[in-house]
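Each chain is listed here by its residues.
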Amino acid sequence: MRSWPLPSSSHRDVPTSGPGSFWEDRIDRRHCGVDLYAARGSPVASVEDGLVLEVGVFTSPRRTAYWNATFYILVQGQDGRVLNYAELERLAAAPGDQVRTGDLLGQVGQVLNPEAIGDEAPPYIQRLRDGGCSSMLHLELYSSWEDSLLADRSYSGGNWFAEERPEGLLDPSAILL
Ligand SMILES: [Zn+2]
């Protein structure tokens, strides 16, 4: 059984095309997950039973000026596939933890710092600023832990800076819809 990852959110919108959708074309990069907009501090819950594999820093202003510090948490489901819950500001589980459907994993962070978004920022980032969207759950799905792109040089902050789509990167929409 699966549940929606943002229990306090009134909407159940999964972008399937355009901004925030999986593999969205952002000109010089591709989007590796789906963005579910939610207020900063919203609880993020596990969509299924699983094992927490890994946690770490996802974005940092030291890497990109318009980013705030956020974190990610990788959870492996019983079928072996791995969900990456990212752009969180606080984590509520640690590697080795078994989680059940609906268990708290963390809280939605404010990934973007609107004051630091200038004209040199990518267009999709400027559109988010203009739309007042600076906090969201960025959710990715991998075939296995080994397929995670987090340590890859072509990956940064949920984006893939190469043309070819990595084989183990899956569309998470199917798990949510
Ligand atoms: Zn995203």
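The structure under discussion appears in the preceding block.
Quantities reported herein were computed from a predicted structural model and do not represent experimental measurements. (Residues numbered from 1 in each chain as written. Predicted model: local features only at pLDDT ≥ 70, side-chain atom pairs only at ≥ 80, totals over all residues. Heavy atoms only, no water.)

Bound to the zinc ion are the protein donor atoms His31 (NE2), Asp35 (OD) and His138 (ND1), situated 2.0 to 2.1 Å from the metal. Each donor residue of the zinc ion lies on the same chain, and together they follow the pattern H-x3-D-x102-H. Here the two residues His31 and Asp35 agree in accessibility, since each one is buried. (Donors = N, O, S within 2.8 Å, 3.2 Å for Na, K, Ca; no water. Buried < 20%, exposed > 50% of the residue type's maximum accessible area, 1.4 Å probe, protein only.)

With that out of the way, let us pick up the pairing of strand β9 (residues 136–142). Most of β9 is tucked away, with 7 of its 7 residues classed as buried. Both faces of β9 are covered, namely the face carrying Met136, His138, Glu140 and Tyr142 and the face carrying Leu137, Leu139 and Leu141. As judged from the 4 bridges shared by strand β2 (residues 34–37) and β9, these two strands associate in the antiparallel manner. Bridge pairing in β9 places Leu36 opposite Leu137. Direction of pairing for strand β6 (residues 82–91) relative to β9: antiparallel, over a ladder of 5 bridges. (Helix = DSSP H or I, 4+ residues; strand = E, 2+ residues; numbered from the N terminus. Pairing = 2+ DSSP bridges.)

So, about the sheet that holds strand β11 (residues 159–160). Strand pairs in the sheet, formed through backbone hydrogen bonds, run parallel or antiparallel to each other. Taken in spatial order, the 3 strands of this open sheet run β1-β11-β10, and their pairing is antiparallel. Unpaired on one side and paired on the other, β1 (30–31) and β10 (155–156) mark the two borders of the sheet. In this structure, β10 lies alongside β11, joined through 2 bridges in antiparallel fashion. Among the inter-strand pairings, Tyr155 is bridged to a residue of β11, identified as Trp160.

Moving on, we come to the layout of surface pockets. Over the atoms rolls a probe the size of a water molecule, and in doing so it shows where empty space is left. Taken as a whole, the largest pocket encloses approximately 170 Å³ of empty space. What lines the largest pocket is simply Val57, Phe58, Thr59, Ser60, Arg63, Trp67, Tyr72, Leu150, Tyr155, Ser156 and Gly157. When residues of the lining of the largest pocket are traced back to their parent elements, those giving at least two are β4 (50–59) and β10. With 3 residues, β4 is the largest single contributor of residues to the lining of the largest pocket. Of the residues in the lining of the largest pocket, the class split is 6 nonpolar, 4 polar and 1 charged. (1 Å grid on protein atoms, 1.4 Å probe; cavity = no way out; pocket = protein on both sides within 12 Å on 5 of 7 lines; lining within 4 Å. Points joined across faces, edges and corners; volume = space filled by probe spheres on them. Nonpolar A, V, L, I, M, F, W, Y, C, P; charged D, E, K, R; others polar.)

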